[in-house]
Amino acid sequence: MDISLFGKTINLPSDVLAAWIFTGIIGIVLVVYIWKKKKLPVIWEYMRTTNHRKIGTLYILFGFIFFLRAGLDALFIRSQLALPNNDFWVFQSQKYSEVFTTHGTMMIFFAATPMLLGLMNIAVPLQIGARDLAYPFLNAVGFWLFFAGGMLFNLAFFLNKAPAIGWTGYAPLTGPTHTPGVNTDYYVFGVQISGLGTILTALNMMVTIIRHRAPGMKLTRMPLFTWASLITSFLILVAFTVLAIALYLLMFDRLFGTNFFTTNGGNPVYWQHLFWIFGHPEVYILALPAFGIFSDVISTFSKKRLFGYPAMVISIVMIGFLSFMVWAHHMFTVGLGPMANTFFAITTMTIAVPTGVKIFNWLFTIRGGVIHFSTAMLFALGFIPSFVMGGVTGVMLSVSAADFQFHDSYFVVAHFHYVILASTILGIFSALYYWYPKITGYALDEKLGKWHFWLFLIGFHLTFFPLHIAGLQGMPRRVFTYDPGEGLTAINFIATIGAFTMGISILCLFWNLFKTHRKAEKVGNDPWDGRTLEWYVASPAPEHTFDPMPIVEDIDPLWVAKRQNRPMRTTDHHRIAPLSKSSILPFVMAMCLFLLAFTMIYHLYWVSAIAGIGVLACMVIRSLTDERKSFYRSINWL
């Protein structure tokens, strides 16, 4: 669509125009709501907060917004593929490449990972008896960097500059020769800024778990979600650093004429190695926290201690270790040779063993338990068979000879979604229903929750199970059409029905959230008869928790105290808690990096230099600020 503005003609596709109109309407509604309800002080408070629960809430909020955007892209994809030779709206050819690039990138980097980091922020300190993360200021910096990167990546679509390179960004397609515009630069800088925030949050989580546990909480007494968060943080530290290096080199290829990943002196396969050294640990960065969530949920709603706790911990550690030894199974068809293919086929099969251990331990935890079929428990139970199906197809893909047939087909798409969606998204939903009282003080409606669960699970299997068959029949991924004679019409139409069923389930979640907050019925500290320390504090969790500090004497300390009909033992002698003091500096620092990246994309290097000076100035101001002094003076330490 051509639009005349100030004497210039601007070509704006109808989907971009619709997005501007929709966003404008939503923006006006939000402004009116904020003004009428006098919410500006709340927004200002959250912009400056360094408290772990509030930052976790922000992670979940914006991660969920990006999840909705990525889910809408998925519905566009399925609408285009519902029928052969279809012409749905504008989503053909280049536009189709843009929409599946945005869908994958948003889901992985700006939806699933941030929502899991938000859950870690909220639950881990409460589970280990910490009053906040070790570095509250750094926690805020990590979130606002994610926010800045996500906004930069989304801005590309609104400027009709969305990248069309797939979420993997394979070279040489991402090089200046094949994608000379600025579209790919939004991908490079958006993911890079967000990834830096993720690395900082992982470092913070590691230090918190290692150094700020309650008295008596040995490593062998930590909840499984905390264990999963610790190993996930180690994976993030290594994997996202490798991704940052790869994006940094790609930035130099695109902006400054180097040849790291080009065919002129470099090698495109280098990108594949670097990306998948990040990419396969990323699968477990998404899955391990979900494993921890399911472990805690299944134990709580089975009224039983988790079966085989030591084996579960060892399996998490083994999965983390082996995840760095399987990356080249994504590259069986590259031509690495039979020895390399055989090695990575064996390691890929091996990683299924500790995963299988966890499946059996969950089943034995349920066996003989007094099961309460809450919504959180239903998502956990729905996960087990769904994830096993994804694991089985993963073992099929680990056979390098067979992978030559499966590679780049819809069989891989189906496998990937059975692994990631079945673990990560079901895990996030389970955690949302489980920990919502700790976030808001309210419990979500169980009846609506069950509607959400069943519609989502049915839609999930209806969407992705048929895609295995489509892949085996030869349907390649990343194509926007197919012919009627290929025998794929029924499969794709059923998959489209399933995708819209999942979309309807999200509407049930929205109604549940609205109904819950309209009723505003507070729940107590322990609505689920929980086993771990987060159920010891008030709901929602206050900013100052664990005063006095509980002493942990068991894997399930609260459960044991309740069964023995006694209060938990407490102490005033413990490690000094981190000081959470509000500051606008993290937000300002992230906005300076946003400006730096945006101007780098358009080669406005003098503005980039000013923005870089702004980031440096924020660091200097932070270095000269020590909020601990006033605290130490108040207790006569200075």
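Residues numbered from 1 in each chain as written. Predicted model: local features only at pLDDT ≥ 70, side-chain atom pairs only at ≥ 80, totals over all residues. Heavy atoms only, no water.

### What about the pattern of salt bridges?
Okay, step 1: For the structure on display, the rule yields 20 salt bridges.
Okay, step 2: For D554, the salt bridge identified is with R305, shortest N-O distance 2.3 Å. In this pair, D554 sits in the loop between β3 (549-550) and α17 (557-563) while R305 sits in the loop between α8 (268-302) and α9 (309-322), placing the two residues 249 residues apart along the sequence.
Okay, step 3: Between K450 and E446 there is a salt bridge whose closest N-O contact spans 3.3 Å. You can see K450 and its partner E446 sitting in helix α15 (residues 446-472), four residues apart, about one turn around the helix.
Okay, step 4: Owing to a relative accessible area of 28%, K450 belongs among the partly exposed residues under this scheme.
Okay, step 5: If you follow the salt bridges from partner to partner, you end up with K303, D526, D529 and K562 in one network. (Salt bridge = Lys/Arg side-chain N within 4 Å of Asp/Glu carboxyl O. Helix = DSSP H or I, 4+ residues; strand = E, 2+ residues; numbered from the N terminus. Buried < 20%, exposed > 50% of the residue type's maximum accessible area, 1.4 Å probe, protein only.)

### Quick word on the nonpolar core
Okay, step 1: Judged by nonpolar contacts, the single largest core of 179 residues is most densely connected at F67, F109, L119, F143, W362 and W435.
Okay, step 2: The element best represented in this core is helix α4 (residues 93-128), accounting for 20 residues.
Okay, step 3: Leave out the neighbours within four places in its chain, and F143 touches I55, L58, Y59 and F62.
Okay, step 4: Among the nonpolar cores identified, the runner-up in size contains five residues, and L12, A19, F157 and F158 belong to it. (Core = buried A, V, L, I, M, F, W, Y, C linked by side-chain atoms within 4.5 Å. Contact = heavy atoms within 4.5 Å.)

### Looking at the environment of T393
Okay, step 1: Structurally, the position occupied by T393 is in helix α12 (residues 375-397).
Okay, step 2: Taking C-alpha positions, T393 is 49 Å from K39, a pair spaced 354 residues apart along the chain.
Okay, step 3: Beyond its immediate sequence surroundings of up to four residues, T393 is in contact with F411, H415 and H468.

### What about the packing of aromatic side chains?
Okay, step 1: According to the stated counting rule, one finds 65 aromatic pairs in the structure shown.
Okay, step 2: For the pair F275 and F278, a centre-to-centre distance of 5.6 Å together with 70 degrees between the ring planes defines the contact as edge-to-face. On the criterion of helical spacing, the pair formed by F275 and F278 is a turn pair, its members being three residues apart in helix α8. Taken individually, F275 and F278 each receive the classification buried, so the pair is uniform in this respect.
Okay, step 3: When the ring of Y536 is compared with that of F546, the centres are 6.5 Å apart and the planes differ by 5 degrees; the resulting orientation is stacked. Of the two residues, Y536 is situated in the loop between α16 (489-519) and β3 and F546 in the loop between α16 and β3; the sequence distance between them amounts to ten residues. (Phe/Tyr/Trp six-rings, centres within 6.5 Å; stacked < 30°, edge-to-face > 60°.)

### So, helix α18 (residues 585-601)
Okay, step 1: Its 17 residues give α18 an end-to-end C-alpha distance of 24 Å, which sits within 8% of 24 Å, the value for a rise of 1.5 Å per residue.
Okay, step 2: By the burial criterion, the buried members of α18 are L585, P586, F587, M589, A590, C592, L593, A597, T599, M600 and I601.
Okay, step 3: Looking at the buried residues of α18, the elements they touch are α2 (40-48), α5 (136-158), α6 (183-211), α7 (224-256) and α19 (605-623). (Expected span 1.5 Å × (residues − 1).)

### Quick word on the side chain of T393
Okay, step 1: On the basis of relative accessibility, which here comes to 7%, the residue T393 falls in the buried class.
Okay, step 2: There is a polar contact of 3.0 Å between the side chain of T393 and the side chain of H415. (Polar contact = N/O pair within 3.5 Å; in protein donor to acceptor, adjacent residues only side chain to side chain.)

### Here's the deal with a nonpolar patch on the surface
Okay, step 1: A surface patch of nonpolar side chains, about 630 Å² in accessible area, is lined by L83, W454, I458, L462, F493, I494 and I497.
Okay, step 2: For the nonpolar patch, the secondary structure elements donating two or more residues are α15 and α16.
Okay, step 3: Within the fold, L83 resides in the loop between α3 (52-81) and α4.
Okay, step 4: Note on L83: relative accessible area 42%, which makes it partly exposed. (Patch = residues over 30% accessible without salt bridge, like charges linked within 9 Å, V, L, I, M, F, W, Y side chains within 5 Å. Areas by Shrake-Rupley, 256 points an atom, 1.4 Å probe, with all protein chains shown as cover.)

### Some thoughts on the environment of N341
Okay, step 1: Tracing the chain through its elements places N341 in helix α10 (residues 338-350).
Okay, step 2: When its relative accessible area of 10% is taken as the criterion, N341 is described as buried.
Okay, step 3: Considered as a pair, N341 and I425 are 84 residues apart in the sequence and their alpha carbons are 31 Å apart.
Okay, step 4: Discounting residues that sit within four places of it in the chain, N341 has contacts with F332, L336, S400 and F404.
Okay, step 5: One polar contact links the side chain of N341 to the main-chain carbonyl oxygen of F332, over a distance of 3.3 Å.

Remember that the coordinates give geometry; whether it matters functionally is a separate question.
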